[in-house]
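Examination of the molecular architecture
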Amino acid sequence: MKINQKLRGLLLFLGSIGILDTLLLFLSNGGINLGTILPGVLGGMLILLVVVRELFWKSILLRKDRPWVIRLRQGIISLFLIGLISFLVIEGEIIANSRPDPVVEVDYLIILGAGLNGEQLSWTLWERMQKGLNYLEAHPKVKVVLSGGQGPGEGISEAEGMRRFLVDHGIKDERILKEDQSTSTMENFRFSKEILARQAGFQNSETVGVITNDFHLFRSKILAQRNGLIPVGIPSPTPWYIVPNVYLREYFAVVKSLIFDW
């Protein structure tokens, strides 16, 4: 009984934290996206689970004399364990791949888009561009593919916003290649590969530098490899206050990409 009470209290606590997290991100202009909504949705589901269990589910599951109840209990436990194991394994890979890869000389750099506010870089995209600017200044012969289309609320394409940033900071236009049609990470690499394939001297399966946020590197490297590239990860930092949200969201994004992004 004490264990059940502790478990109920833990679920209610975690559910409340999830809902509070979503509300705080909304109030801080975090926008409406999977990363901000997901903690609140999961939190609400945990609270609903406790309520349903207290009202009638508990009495059903205790009817051990019915075979279908036993199978249902076993099925629920099995699904939970599978989900938990997959979450731990994938999150472990996301965290392990959030660190920069060993330095390798490359001829091309790909910077992935991350949203604009009108025509202004989002904070996340600014971090990526600052990392890219530092790399391009340190490697003056490297060319860069700026990858990102134009989404809702954006006055220009992400690629154009990134180009303006680099030009304003002294990077010459002839070093910049724009990919402004993509709407997903898979398309980022698919369309960027098409642009790179048209460059003189570009070799298939060539090593390229990839700049994106630390939490996004694992999935980005998988999708780069699926498009015939050998990625070298160059992570940009993620603001601390959205770390739980983006790492949670990335688990579902990785599962989706592993199944559908081919």
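Here's a quick rundown of the structure.

What counts, and where the lines are drawn
Residues numbered from 1 in each chain as written. Predicted model: local features only at pLDDT ≥ 70, side-chain atom pairs only at ≥ 80, totals over all residues. Heavy atoms only, no water. Pairing = 2+ DSSP bridges. Helix = DSSP H or I, 4+ residues; strand = E, 2+ residues; numbered from the N terminus. Right-handed = clockwise from strand over helix to strand, strands pointing away. Expected span 1.5 Å × (residues − 1). Buried < 20%, exposed > 50% of the residue type's maximum accessible area, 1.4 Å probe, protein only. Salt bridge = Lys/Arg side-chain N within 4 Å of Asp/Glu carboxyl O.

Brief notes about the pairing of strand β5 (residues 176-179)
On any regular strand, side chains alternate: one points to one face of the sheet, the next to the other face. Relative to β5, strand β4 (residues 143-147) runs parallel, the two being bridged by four bridges. Within the sheet, the bridge partner assigned to L146 lies in β5 and is K178. Taking the sense of rotation as the criterion, the β-α-β connection linking β4, helix α5 (residues 158-168) and β5 turns out right-handed.

Quick look at helix α4 (residues 123-138)
With 16 residues, α4 should cover 22 Å at 1.5 Å per step; its first-to-last C-alpha distance of 23 Å lies within 8% of that length. When we look at burial in α4, the residues that qualify are L125, E127, R128, M129, G132, L133, Y135 and L136.

Some words on the pattern of salt bridges
A complete count under the given rule lists eight salt bridges for this structure. R164 is paired through a salt bridge with E160; the nearest N and O atoms lie 3.0 Å apart. Of the two residues, R164 and E160 are both situated in helix α5; the distance of four residues between them amounts to about one turn of the helix. On the basis of relative accessibility, which here comes to 32%, the residue R164 falls in the partly exposed class. Relative accessible area serves as the criterion here: at 12%, E160 is assigned to the buried category. Residue R219 pairs with E250 through a salt bridge whose shortest N-O separation is 2.8 Å. With R219 in helix α7 (residues 217-226) and E250 in helix α8 (residues 243-260), this residue pair connects regions lying 31 residues apart in the sequence. One continuous salt-bridge network, built from bridges that share partners, spans E119, E160, R163, R164, D173 and K178.

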